[in-house]
Amino acid sequence: MLKMTCYNCHWSWSLTPEAAQAAYDTLEPGAKHYTTPCPHCGRTNKVSVKQLKQALPRTAEPGQKEG
Ligand SMILES: [Zn+2]
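Residues numbered from 1 in each chain as written. Predicted model: local features only at pLDDT ≥ 70, side-chain atom pairs only at ≥ 80, totals over all residues. Heavy atoms only, no water.

Some points on unusual backbone geometry
The backbone of H10 sits at a positive phi, close to 65°, despite the residue not being glycine. By the element assignment, H10 lies in the loop between β1 (2-5) and β2 (12-15). (Helix = DSSP H or I, 4+ residues; strand = E, 2+ residues; numbered from the N terminus.)

Structure follows, in structure tokens:
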């Protein structure tokens with residue numbers, strides 16, 4: 001889960017692993033940042049791809065169940 005805070009209105013929200021994956025899939029090759037509008041004020045917020053990667057769903061590990 002990636003915690004986002006809007007630089008403009010300080011609204012905070014989270015990017016689910018699924019949303020992070022969907023966002024990651026839309027990135028241009030070599031992109032350094034992902035941009036997403038704040039759900040509250042609509043301002044564009046930037047997230048580094050490194051941070052986005054950390055929020056991606058983990059690949060299923062054998063013998064482990066989540067949830
Ligand atoms: Zn905002």
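That shown, we press on.
Some thoughts on the coordination of the zinc ion
Protein ligation of the zinc ion involves C6 (SG), C9 (SG), C38 (SG) and C41 (SG), the donor distances falling in the range 2.3 Å. Its four donor atoms give the zinc ion angles of 106 to 117° at the centre, a pattern that matches the tetrahedral case. Residue C6 is classed as buried on the basis of its relative accessible area of 1%. (Donors = N, O, S within 2.8 Å, 3.2 Å for Na, K, Ca; no water. Tetrahedral: all angles 85-135°; square planar, octahedral: opposite > 155°, others 65-115°. Buried < 20%, exposed > 50% of the residue type's maximum accessible area, 1.4 Å probe, protein only.)

So, the side chain of N45
In this fold, N45 is placed in strand β4 (residues 44-48). Among the polar contacts listed, one links the side chain of N45 to the backbone nitrogen of Y7, at a separation of 3.0 Å. (Polar contact = N/O pair within 3.5 Å; in protein donor to acceptor, adjacent residues only side chain to side chain.)

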